Amino acid sequence: MDEQALLGLNPNADSDFRQRALAYFEQLKISPDAWQVCAEALAQRTYSDDHIKFFCFQVLEHQVKYKYSELTSVQQQLIRETLISWLQAQMLNPQPEKTFIRNKAAQVFALLFVTEYLTKWPKFFFDILSVVDLNPRGVDLYIRILMAIDSELVDRDVVHTSEEARRNTLIKDTMREQCIPNLVESWYQILQNYQYTNSEVTCQCLAVVGAYVSWIDLSLIANDRFINMLLGHMSIEVLREEACDCLFEIVNKGMDPVDKMKLVESLCQVLQSAGFFSIDQEEDVDFLARFSKLVNGMGQSLIVSWTKLIKNGDIKNAQEALQAIETKVALMLQLLIHEDDDISSNIIGFCYDYLHILKQLTVLSDQQKANVEAIMLAVMKKLTYDEEYNFENEGEDEAMFVEYRKQLKLLLDRLAQVSPELLLASVRRVFSSTLQNWQTTRFMEVEVAIRLLYMLAEALPVSHGAHFSGDVSKASALQDMMRTLVTSGVSSYQHTSVTLEFFETVVRYEKFFTVEPQHIPCVLMAFLDHRGLRHSSAKVRSRTAYLFSRFVKSLNKQMNPFIEDILNRIQDLLELSPPENGYQSLLSSDDQLFIYETAGVLIVNSEYPAERKQGLMRNLLTPLMEKFKILLEKLMLAQDEERQASLADCLNHAVGFASRTSKAFSNKQTVKQCGCSEVYLDCLQTFLPALSCPLQKDILRSGVRTFLHRMIICLEEEVLPFIPSASEHMLKDCEAKDLQEFIPLINQITAKFKIQVSPFLQQMFMPLLHAIFEVLLRPAEENDQSAALEKQMLRRSYFAFLQTVTGSGMSEVIANQGAENVERVLVTVIQGAVEYPDPIAQKTCFIILSKLVELWGGKDGPVGFADFVYKHIVPACFLAPLKQTFDLADAQTVLALSECAVTLKTIHLKRGPECVQYLQQEYLPSLQVAPEIIQEFCQALQQPDAKVFKNYLKVFFQRAKP
């Protein structure tokens with residue numbers, strides 16, 4: 001072996017050596033006999049360096065995984081012997097190998113096993129067991145090999161081909177017949193032998209039992225001697241977590257409902273008499289988390305049994321199962337309320353399913369009602385934040401608590417289905433008592449009280465948020481709580497979590513303010529002062545900006561009396577903060593977007609006359625335009641790139657804010673009614689010069705483009721005069737991404753104005769195409785993924801543009817480009833349909849071809865088009881689906897084939913018998929299609945029902961492909 005290259009395997013080697021080692025590895029993978037050198041090195045223990053040993057196993061792994069069938073039977077025998085002699089050497093080694101080497105060796109054994117067990121090596125396990133016996137080193141490797149085999153055969157996370165899945169099923173069937181009882185016996189011996197002396201091996205062995213139990217005969221494990229030993233392990237501190245997981249897997253195994261019930265009950269009796277149900281005596285939270293998972297498994301198994309028994313009409317046994325479930329509820333509640341969230345989280349599944357049973361029962365006993373109430377109290381208590389929660393800097397622990405809260409929310413929703421009245425009464429009780437004394441109550445209790453009110457909206461659903469009409473008792477309870485919330489003064493509580501919960505709840509129940517509008521002013525003040533948009537926490541200010549815009553939008557009918565006041569109070573929040581003043585504004589630019597939108601909504605939905613609205617809109621937008629002009633001049637003069645970038649950012653924000661104010665309008669009608677067209681046209685004239693700025697093109701163009709999209713909706717044809725010069729600037733020295741974003745703008749204009757923009761489109765059609773082709777033809781690195789992806793996206797955009805032009809009845813735009821250009825365009829569409837393996841683009845290309853055949857394919861079509869149909873379009877309909885990359889199992893590809901069928905049908909429709917004759921006598925025979933298949937194809941094509949032909953075409957190509 002290349003000793004120099006091997007030096008690079010050491011993690012501390014310098015990068016040149018590491019590169020050389022990698023190259024050497026690639027070289028050995030290709031070499032037909034390098035594996036033999038590695039096999040010899042392992043068998044004869046040539047190297048003591050761990051990284052080289054690992055490397056040798058990697059080379060062997062590659063050989064077994066990808067090139068095994070190329071070996072002769074003698075060579076295959078050599079690999080088997082190498083592994084066994086390596087295993088034998090491990091028994092004598094003074095020091096065990098490092099874990100990473102043992103794991104890699106186990107993987108190679110497992111790969112060889114799945115390849116050879118059914119054919120060449122049926123005695124695989126017996127050979128290994130005869131080597132390892134009960135030697136602790138050997139047992140460790142044997143167990144690792146078993147785990148590696150399990151992950152090859154059973155692991156759900158590994159994606160297997162259907163061939164591999166069939167092979168794996170066959171291997172498992174053969175193992176069940178031939179060796180599983182022996183394997184189980186070996187596990188029993190290992191557990192018995194090492195349970196007191198080697199906890200590591202014992203725990204690994206328990207993990208093996210847990211893994212295999214899902215697919216072997218359960219009676220081999222679920223019997224007295226095995227279960228008693230596992231229960232014994234439950235009392236040994238170092239083993240009990242693994243023993244718990246092992247019992248969980250046994251309980252989880254699918255089996256007859258009555259047998260399952262007996263198994264669970266006998267386990268529970270033993271666990272209970274051994275004192276495991278006394279949760280409060282146990283201090284080890286890690287063990288309790290596993291135990292909670294086990295109890296959850298037992299509870300859910302009993303529920304599955306109950307469901308099956310009810311379905312089968314076995315009422316007597318179902319009753320017994322329900323009884324068994326009920327006796328576990330007290331334990332479940334203890335685990336649910338446990339202060340450790342992992343322990344609590346692990347039992348939620350059982351709890352949720354238990355409530356589902358209660359929902360199905362017609363009458364609940366007093367005990368069951370008490371259980372529902374106990375679960376409800378537990379959920380309310382567990383929803384509460386703890387002292388350690390870090391609101392300013394949320395990390396992993398905080399994220400886990402947020403996830404846990406989501407699980408509790410599901411329980412609360414389920415409780416509402418079982419007993420909505422009880423839930424409403426409980427929440428009301430907690431809410432009222434907490435808010436009475438909120439000044440002296442800890443923040444987490446105040447937060448959870450408001451949170452519960454917030455959660456009721458989803459737990460007790462109504463359509464369109466109509467919580468305050470319909471069911472009188474529910475409506476009045478919610479109305480009472482909302483009144484308390486907005487009049488209690490709790491919005492002044494000095495903790496961000498309470499403040500945020502207050503605003504979230506106010507917005508969620510906005511319909512309350514249509515019933516009691518007298519509370520709107522005090523809530524608006526909370527939004528606008530130090531409690532909301534001027535809060536000391538940036539997080540609160542940011543969220544409030546969004547919630548404020550929702551509040552105003554949903555209550556726009558009630559806002560009229562407050563509009564002037566609100567606009568005055570938010571004036572300073574609308575400031576465009578230019579980069580030079582160093583002043584840190586209260587809101588980020590993203591938050592300001594919501595404030596601008598809110599201002600727009602207030603003005604547009606007000607009851608003011610048009611000229612007043614126009615005046616207010618001018619006041620809102622003029623400062624932006626003035627700042628924009630000044631900043632654009634500064635950008636033109638800026639030398640430093642960082643300064644250029646921050647100025648461009650600021651210019652982009654200005655355009656974004658103006659765009660956002662227009663969201664209040666739904667169409668041109670509303671803009672005209674408010675007299676605002678002129679203001680927006682002024683904005684357009686102010687912003688468009690930015691397109692000719694040579695600096696920071698990407699960001700400026702992107703902002704102006706977005707504004708143009710909005711203005712096409714708001715100003716309609718009034719925008720048209722601005723489009724040609726804007727387009728000209730945007731097409732200057734552009735990249736793939738620029739074009740990709742520019743084309744949707746042209747598509748929007750084409751689809752909206754159709755014939756009105758025909759002259760403009762004809763003029764810019766070829767310049768746009770030249771820009772696209774120029775970018776597509778630029779050379780790129782062979783393995784530059786992002787460049788390839790950009791080109792693919794641009795190609796899609798180009799075809800989408802042609803589809804819009806042809807689909808909007810504007811084919812003359814293409815026809816008027818001169819014969820040479822027309823042909824060039826058509827050829828690109830044929831290429832798109834056939835040559836690029838991108839089904840999304842191919843589908844679009846066939847849609848374009850169908851449209852052009854429909855428009856030009858008749859007798860009076862353009863000169864030479866009929867020839868083009870037979871020379872290029874018909875062949876494309878066959879060549880594309882015949883390509884290896886055209887995958888008929890892929891949904892997008894099937895859609896492309898469907899459009900291909902439409903294209904052929906359209907050609908037949910336009911050219912009639914001539915088309916059938918061409919296919920019958922010229923084209924299909926040239927593809928060596930059998931005469932009877934040609935006949936069949938032409939008959940299907942002539943069927944009046946297009947669907948028949950689509951289905952036929954799929955079958956035709958499935959048969960044609962090898």
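Rules and cut-offs
Residues numbered from 1 in each chain as written. Predicted model: local features only at pLDDT ≥ 70, side-chain atom pairs only at ≥ 80, totals over all residues. Heavy atoms only, no water. UniProt positions renumbered as here; feature names shortened; annotations may be inferred. Helix = DSSP H or I, 4+ residues; strand = E, 2+ residues; numbered from the N terminus. Buried < 20%, exposed > 50% of the residue type's maximum accessible area, 1.4 Å probe, protein only. Contact = heavy atoms within 4.5 Å. Lys, Arg positive; Asp, Glu negative; His and termini not counted. Charge placed at Lys NZ, Arg CZ, Asp CG, Glu CD. 1 Å grid on protein atoms, 1.4 Å probe; cavity = no way out; pocket = protein on both sides within 12 Å on 5 of 7 lines; lining within 4 Å. Points joined across faces, edges and corners; volume = space filled by probe spheres on them. Nonpolar A, V, L, I, M, F, W, Y, C, P; charged D, E, K, R; others polar. Phe/Tyr/Trp six-rings, centres within 6.5 Å; stacked < 30°, edge-to-face > 60°. Lys NZ or Arg CZ within 6 Å of the ring centre and 35° of its normal. Core = buried A, V, L, I, M, F, W, Y, C linked by side-chain atoms within 4.5 Å. Salt bridge = Lys/Arg side-chain N within 4 Å of Asp/Glu carboxyl O. Polar contact = N/O pair within 3.5 Å; in protein donor to acceptor, adjacent residues only side chain to side chain. Disulfide = S-S within 2.5 Å. Axes fitted to C-alpha atoms, helices over the stretch in contact; angles between N-to-C directions. Parallel < 35°, antiparallel > 145°, perpendicular 65-115°, else oblique. Expected span 1.5 Å × (residues − 1). Left-handed = near helix turned anticlockwise from the far one by under 90°.

The protein goes by Exportin-T in an unreviewed UniProt entry, where it is assigned to Prolemur simus. A UniProt comment under Sequence similarities (unreviewed entry) is attached to the protein, and it reads "Belongs to the exportin family." One UniProt comment on the protein, placed under Subunit (unreviewed entry), says "Found in a complex with XPOT, Ran and tRNA. Probably found in a complex with nucleoporins. Interacts with Ran and tRNA in a GTP-dependent manner."

## Concerning the overall build of the protein
Check the secondary structure of the protein and you find 47 helices and zero strands. Based on the C-alpha atoms only, the size of the protein along its principal axes is roughly 90 × 90 × 65 Å. When burial is assessed residue by residue, the protein has 52% of its 962 residues classed as buried. Taking all contacts inside the protein whose residues are at least 6 apart in sequence as the whole, residues at least 24 apart take part in 72%. Of the charged side chains in the protein, 93 are positive and 121 negative, and the gap between their average positions amounts to 5 Å.

## Remarks on the layout of surface pockets
Roughly 740 Å³ of volume is contained in the largest pocket. Lining the largest pocket are 24 residues, with E339, D341, K382, D386 and F401 sitting closest to its centre. Those elements that provide at least two residues to the lining of the largest pocket are α18 (341-345), α20 (366-382), α21 (396-418) and α23 (443-459). Counting residues per element, the lining of the largest pocket draws most heavily on α21, which supplies seven residues. For the lining of the largest pocket, a count of residues per class yields six nonpolar, four polar and 14 charged.

## Examining the UniProt feature "domain: Importin N-terminal" (unreviewed entry) in the protein
In the UniProt entry, the feature "domain: Importin N-terminal" (unreviewed entry) is given for residues 21-89. Secondary structure within residues 21-89 divides into 78% helix and 0% strand; the distance between the first and last C-alpha atoms comes to 27 Å.

## Concerning the packing of aromatic side chains
Tallied over the entire structure, the rule returns 52 aromatic pairs. Measuring from centroid to centroid gives 5.2 Å for F124 and F125, while their planes differ by 90 degrees, and the two rings are edge-to-face. Between F956 and F957 the ring centres are 5.1 Å apart and the planes differ by 85 degrees, which places this aromatic pair in the edge-to-face class. Side by side, F956 and F957 carry an identical accessibility label, which is buried. A network of ring pairs unites the aromatic residues F468, F502, F503, Y509, F512, F513, F527, F548 and F551 as a single cluster. The ring of Y385 has R405 lying over it, and the distance from NZ or CZ to the ring centre is 4.3 Å. One Lys or Arg, R508, reaches over the ring of Y454 and ends 3.9 Å from the middle of that ring.

## Brief notes about helix α12 (residues 224-233)
Working note: α-helix, 3.6 residues per turn, so residues spaced by three or four point in the same direction. Among all positions of α12, only F226, I227, M229, L230, L231 and H233 are buried. Of the surrounding secondary structure, the elements contacted by the buried residues of α12 are α10 (180-194), α11 (199-212), α13 (240-252) and α14 (257-273).

## Some thoughts on the nonpolar core
Ranked by internal contacts, the top residues of the largest apolar core, which has 347 residues, are M175, W187, F291 and F878. When residues of this core are assigned to their parent elements, the largest contribution, 13 residues, is made by α23. Beyond its immediate sequence surroundings of up to four residues, W187 is in contact with Y142, L146, C205, V208, V209, Y212, I216, I221 and F226.

## Brief notes about the pattern of salt bridges
Using the criterion set out here, one finds 51 salt bridges in the structure. Where R618 meets D682, a salt bridge forms, and the shortest distance between an N and an O atom there is 2.8 Å. With a gap of 64 residues between them, R618 in helix α31 (residues 610-637) and D682 in helix α34 (residues 677-687) connect regions that are remote in the sequence. Assessed through its relative accessible area of 24%, R618 is described here as partly exposed. According to the relative accessible area criterion, D682 is partly exposed, its value standing at 26%.

## As for unusual backbone geometry
Positive phi, close to 50 degrees, is recorded for R45, a residue that is not glycine. The residue D133 is not glycine, and still its phi comes out positive at about 50 degrees. For D133, the location among the structural elements is in the loop between α7 (124-132) and α8 (136-153). Look at D133 and you get exposed, because its relative accessible area is 58%.

## Concerning the environment of E394
Examined against the element boundaries, E394 turns out to sit in the loop between α20 and α21. You can call E394 partly exposed: its relative accessible area is 41%. The residues contacting E394, other than those within four sequence positions of it, are Y389 and K539. Among the polar contacts listed, one links the side chain of E394 to the side chain of Y389, at a separation of 2.7 Å. In terms of polar contacts, E394 uses its side chain to reach the side chain of K539, at 3.5 Å.

## As for the side chain of T598
Structurally, T598 can be placed in helix α30 (residues 589-604). Owing to a relative accessible area of 1%, T598 belongs among the buried residues under this scheme. If we skip the residues at most four places from it in the chain, T598 touches F548, S549 and V552.

## Concerning the state of the cysteines
Counting across every chain of the model gives zero disulfides. Cysteine C734 remains unbridged, with the sulfur of C693 as its closest cysteine sulfur at 16 Å.

## Description of the packing of α31 against α34
It is at 10 Å that the axes of α31 and α34 come closest, and there the two elements cross at 5 degrees. In terms of orientation, α31 and α34 fall into the roughly parallel class. Facing Q614, M617, R618, L621, M625, F628 and K629 of α31, the residues of α34 in contact are E678, V679, Y680, D682, C683, T686 and F687. Partitioned by chemical class, the residues of the contact of α31 with α34 number eight nonpolar, two polar and four charged.

## Focus on helix α37 (residues 736-753)
Under the 1.5 Å per step criterion, the end-to-end length of α37 is 26 Å for 18 residues, consistent within 8% with the ideal 26 Å. Taken together, the buried positions of α37 are A736, D738, L739, F742, I743, L745, I746, N747, Q748, I749, T750 and F753. Taken together, the buried residues of α37 touch α35 (697-715), α36 (723-730), α38 (758-776) and α39 (785-807). Directly after α37, the chain includes K754, whose backbone phi takes a positive value near 40 degrees.

## Re the environment of P759
Mapped onto the fold, P759 is located in helix α38. The class for P759 is exposed, based on a relative accessible area of 55%. For the pair formed by P759 and T499, sequence separation is 260 residues and the distance between their alpha carbons is 58 Å.

## Some remarks on the side chain of T82
Mapping T82 onto the fold places it in helix α5 (residues 73-92). Non-local contacts of T82, meaning those with residues more than four positions away in its chain, are made with A39 and A43.

## Structural notes on the packing of α30 against helix α32 (residues 641-661)
At a minimum axis separation of 8 Å, α30 and α32 run at an interaxial angle of 35 degrees. Classified by chirality, the crossing of α32 by α30 is right-handed. Touching S589, Q592, L593, F594, Y596, E597 and G600 of α30 are H653, G656, F657, R660 and T661, all from α32. Here the contact of α30 with α32 is built from residues that sort into four nonpolar, six polar and two charged.

## A closer look at the environment of L647
Along the chain, L647 falls in helix α32. Remark: the alpha-carbon pair of L647 and R543, spanning 104 residues in sequence, is separated by 26 Å.

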